[in-house]
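Commentary on secondary and tertiary structure
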Amino acid sequence: MIATPPPVDKRPALQRFLSNLRGAPRALRDTALRGGKPNTDRTRSTFVFGNVFLHLHPVRTHRWSLRWATTLGLGIASLASFLLTLITGVLLMFYYKPHVEVAYDSIKDIAFVVPTGNLIRNIHRWAANVMVVTVILHMARAFYTAAYRAPREFNWLIGMGLLVVTLGLSFTGYLLPWDQLAYWAITIGANIAQSPREITDALGVTESFDPGGLQKLLLLGSDQVGEEALIRFYLLHVMILPLVLLGLLSVHFWRIRKDGGLVRPKDADARLGPVRAADYPVFTEAPRKTYQLAAVVRGTSGAVGRAPENTVPSMPHLFYAELAVTMLTIAVCVALAMWSDAPLKELANPQVPENPAKAPWYFLGLQELVAYSAFMGGVGIPAIVLLGLGLIPYLDRETEGTGEWFGGRAGKRIVLQALFVGFGAALVIEYFAIRYGWLREWFPNIAQLWITFVNPGTVLTLIYAAYSMWLVKRHDSTRAGALGLFTCFLCGFVFLTVIGTHFRGPNWDFYWSPADWPGH
Amino acid sequence: MNQADPQGPSRLDPDPMPRRDFLGLASLWAAGSTLLFAAVGSLRLPKAAVLSSPSRKFKATLPENLAEGTAFVPPGRSVALFRDKQGVYAISTLCTHLGCIVKPSATGFDCPCHGSKFGPDGKVIRGPAPAALPWHKVSVDGGVCVVDEETIVPPGTKV
């Protein structure tokens, strides 16, 4: 094609100047958006790949990925809530001072003096909570649609890393207000880091080999919770963990593209059927071009009447969906922030522990386990769970039911059964331990190692593991075992969290309701 | 290569590594080990050589009328002091489970965080605490007790 040179503007220079000035805003817009308005298939493509922030997306998206039941928007909701914590977090940093003398006062300033400070802090807190929930649900979605299978095994591991960092961010943020809640939650957290001593003490090697003590020392920067601990948690919260999260997030997103987009069943195209006439036109040709006739002529050559691989342009289909999920997430976080204030207890008092001293809700399941054995509940069982979750994609090499919720009918039955087993086993173990006590009450002189290895937490883990092995054998399928194991762990997590949140009172005793707690 | 060898180099001899490749590999290894060494070295930074914690030795004066078996906790300290006929002794009030402050009670010590109970001598009665409350070294100088929170003495040591 021969480019025709633009006509020479013969007007006087002043007129040209004025007309250029008038046209400047439009010219600015055209130069900022590299492809121009996204109204043809080509410009819709350049809208995506010509934009540094959007180009992690594919230019065209498979229609299966856009069904809301495919993802429930949970990944985008996690990202949106993270961005919300990022923005509100930076705003909070205007006023927050990480020093034990003034940290509490600065939070009070934010809550009571700073314009919109209380709302921003509430949004920060709620967005963090929403993020924990959506990340866990997103993980469950990926698991139940078997999205971890080849070639996405490694992205499942990256996702687990993101879960750990998310929890780490929540935990480190918890200390910063330097109130009673914060101080004692961190004391407990730091001592959980030290809990490998439960083993080394029992073996009598703590003098020479003390990983627990080292962990606590590195976390607190001192042998007690004080200024050093505050500055470390602050650094972790506002710098190290967000950077790690952003790094993992980039890999996570990039891998989605490289691993072939979102998971979908093999027969997705057949199940979707043809594009409805009401849908956005699948192909609109760039004007004054003749060579994409191949896409519109009749016949079997090329893709006829539809885009390759049953896809639609990401702009607008994917981006509008993502925007909708983002807006919904923001709306939920803001609504929660307006409905409920972030807690702020009295100033930290190292001499008087909170009673009960409760961590944020998502750690109360762990705290329930910790109340049986510090090491097993705080380090051992979480490590076993993470190891189990990480191994799942490498053990389940089956292909049937990939991309399908629960892998179809049989899978749904297994999940339903596992729900009963998971909740049932947790209920029985907890009932027994609360009603009859545990080894220390029966044999006061028993060696600690016995309790470390045989406590309600380890027994429950063992039951879950045994049940899932039985499922593998019974259904002759690793996937069946994985479904059982994951469902059981979810049940255990939910059950223990509810027990820790609602049914535990002063001295970590069991109460049917917080209303029954004895007065102080 | 080996000119002195009458047979000449055998085709079974391994090819000598070209100097260029050798230097390239050597510099790669050098760069790698330097970076690794630097990374390991900087990991040393977060572990302080000197801790900023206050002195853990302190003086306390027991009340004259302190009854036998009743705890006296000096303000701001996590040690309970007792006095009986055999003398004065100090038991830590830091729970051995997860570091909460235990409260002296009629039966010994109770932990508010996870429900551990200790006997009057610090022995675990109810879990989840993994170990007994340690006893600290006390020296009596006139009417003043000096408690050393860093030194642990066998239970039953009274002065």
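Just so you know, these numbers come straight off a predicted model, no measurement behind them. (Residues numbered from 1 in each chain as written. Chains lettered and ligands numbered in written order. Predicted model: local features only at pLDDT ≥ 70, side-chain atom pairs only at ≥ 80, totals over all residues. Heavy atoms only, no water.)

1. Description of the overall build of chain B
Rules: Under the scheme used here, helices are H or I runs from DSSP no shorter than 4 residues and strands are E runs no shorter than 2 residues, and both carry numbers assigned from the N terminus. Per-residue accessibility, obtained with a 1.4 Å probe over protein chains only, is compared with the maximum for each type, and a residue is labelled buried under 20%, exposed over 50%, and partly exposed between these values. Contact definition: two residues touch when any of their heavy atoms are within 4.5 Å. For the area figures, the Shrake-Rupley method with a 1.4 Å probe applies, and any residue is considered shielded solely by the protein chains shown.
Summing up its helical and strand segments, chain B has 1 helix and 9 strands in all. C-alpha extents for chain B along the principal axes are approximately 105 × 35 × 25 Å. Each of the 159 residues in chain B was classed as buried or not, and the buried ones make up 31%. Of the contacts made within chain B by residues no fewer than 6 positions apart, 33% connect residues no fewer than 24 positions apart. Accessible surface for chain B amounts to roughly 10100 Å². Of this, 61% is attributable to carbon and sulfur atoms.

2. Thoughts on the pairing of strand 9 (residues 144–153) of chain B
Residues and elements named next belong to chain B. Note the cut-off: At least two DSSP bridges between two strands are required for those strands to pair.
Direction of pairing for strand 1 (residues 57–61) relative to strand 9: antiparallel, over a ladder of 5 bridges. By the bridge assignment, Lys57 is partnered in strand 9 with Asp148. Here strand 8 (residues 135–141) folds back onto strand 9 in antiparallel fashion, the turn holding 2 residues, of which Gly142 has a positive phi close to 65°.

3. Quick look at the interface of chain B and chain A
To keep things clear, this is the line we draw: Buried surface area refers to the total accessible area, computed with a probe of radius 1.4 Å, that the two partners give up upon joining, counted for both partners together. What counts as a salt bridge is simple: a side-chain nitrogen of Lys or Arg found within 4 Å of a carboxyl oxygen of Asp or Glu.
Contacts between chain B and chain A engage 28 residues on the former and 36 residues on the latter. Together chain B and chain A conceal approximately 2400 Å² of surface at their shared face, both sides included; 57% is due to carbon and sulfur atoms. Among the residues of chain B in contact with chain A, B:Leu98, B:Pro112 and B:His114 are the three that bury the most area, contributing 23% of the side total. At the boundary of chain B with chain A, the tally comes to 2 salt bridges. The shortest N-O distance in the salt bridge between A:Asp509 and B:Arg126 comes to 3.7 Å.

4. As for the sheet that holds strand 9 of chain B
Residues and elements named next belong to chain B. Condition: Geometry is summarised by axes, namely lines fitted to C-alpha atoms with helices restricted to the contacting stretch, and by angles between N-to-C directions that run from 0 to 180 degrees.
With antiparallel pairing, 5 strands are arranged side by side in an open sheet as 1-9-8-3-2. Here the strands that pair on one side only, and so sit at the sheet edges, are strand 1 and strand 2 (79–84). Taking the axes of each pair of neighbouring strands and ignoring which way they run, one obtains an average angle of 30° across the sheet.

5. With respect to the environment of B:Phe109
Along the chain, the position of B:Phe109 falls in strand 5 (residues 108–110). A sequence separation of 14 residues divides B:Phe109 from B:Cys95, and the C-alpha atoms of the two residues are 9.3 Å apart.

6. A few points about the domain arrangement of chain A
How big an interface is tends to be stated in terms of accessible area lost as the parts join. All names here are of chain A. Inclusion rule: Domain segmentation is taken from an automatic or database assignment of domains. Polar contact criterion, stated in full: a pair of N or O atoms within 3.5 Å, where within protein one must be able to donate a hydrogen and the other to accept it, and residues adjacent in sequence count only if both atoms are side-chain atoms.
Under the domain assignment used here, chain A contains domain 1 (48–276 + 312–354) and domain 2 (400–520). Between the C-alpha centres of domain 1 and domain 2 the distance comes to 25 Å. With 23 residues of domain 1 in contact, the opposing surface of domain 2 contributes 20 residues. When the two sides are added together, the surface that domain 1 and domain 2 hide from each other amounts to roughly 1700 Å², 64% of it contributed by carbon and sulfur. It is Phe143, Tyr144 and Arg149 in domain 1 that bury the most area against domain 2; as a group they hold 38% of the surface buried on that side. In this structure, the salt-bridge partner of Glu404 is Arg271, at a minimum N-O distance of 3.3 Å. Inspection of the domain 1/domain 2 interface yields 12 residue pairs in polar contact (both at pLDDT 80 or more).

7. A look at a nonpolar patch on the surface
Inclusion rule: Any residue with relative accessible area above 30% and no salt bridge may belong to a patch, with like charges joined within 9 Å and the nonpolar Val, Leu, Ile, Met, Phe, Trp and Tyr side chains within 5 Å.
Residues A:Leu83, A:Leu86, A:Ile87, A:Val90, A:Leu91, A:Met93, A:Phe94 and A:Tyr95 make up a contiguous nonpolar surface patch of roughly 760 Å² in combined accessible area. You can see A:Tyr95 is positioned in the loop between helix 5 (74–92) and helix 6 (103–112).

8. Regarding the packing of aromatic side chains
Residues and elements named next belong to chain A. The condition is simple: Side-chain rings of Phe, Tyr and Trp, where Trp is taken by its six-membered ring, are said to pair if the distance between their centres is within 6.5 Å; with planes under 30 degrees apart they count as stacked, over 60 as edge-to-face, and otherwise as tilted.
A complete count under the given rule lists 31 aromatic pairs over all chains for this structure. Measuring from centroid to centroid gives 4.9 Å for Tyr144 and Phe406, while their planes differ by 50°, and the two rings are tilted. Remark: Phe406 occurs in the loop between helix 17 (374–395) and helix 18 (409–436) and Tyr144 occurs in helix 7 (residues 117–144); sequence separation between them is 262 residues. For Phe406, a relative accessible area of 21% translates into the label partly exposed. Summarising the aromatic geometry, the rings of Phe432 and Trp442 are spaced 6.1 Å apart at their centres and angled 80° between planes, so their arrangement reads as edge-to-face.

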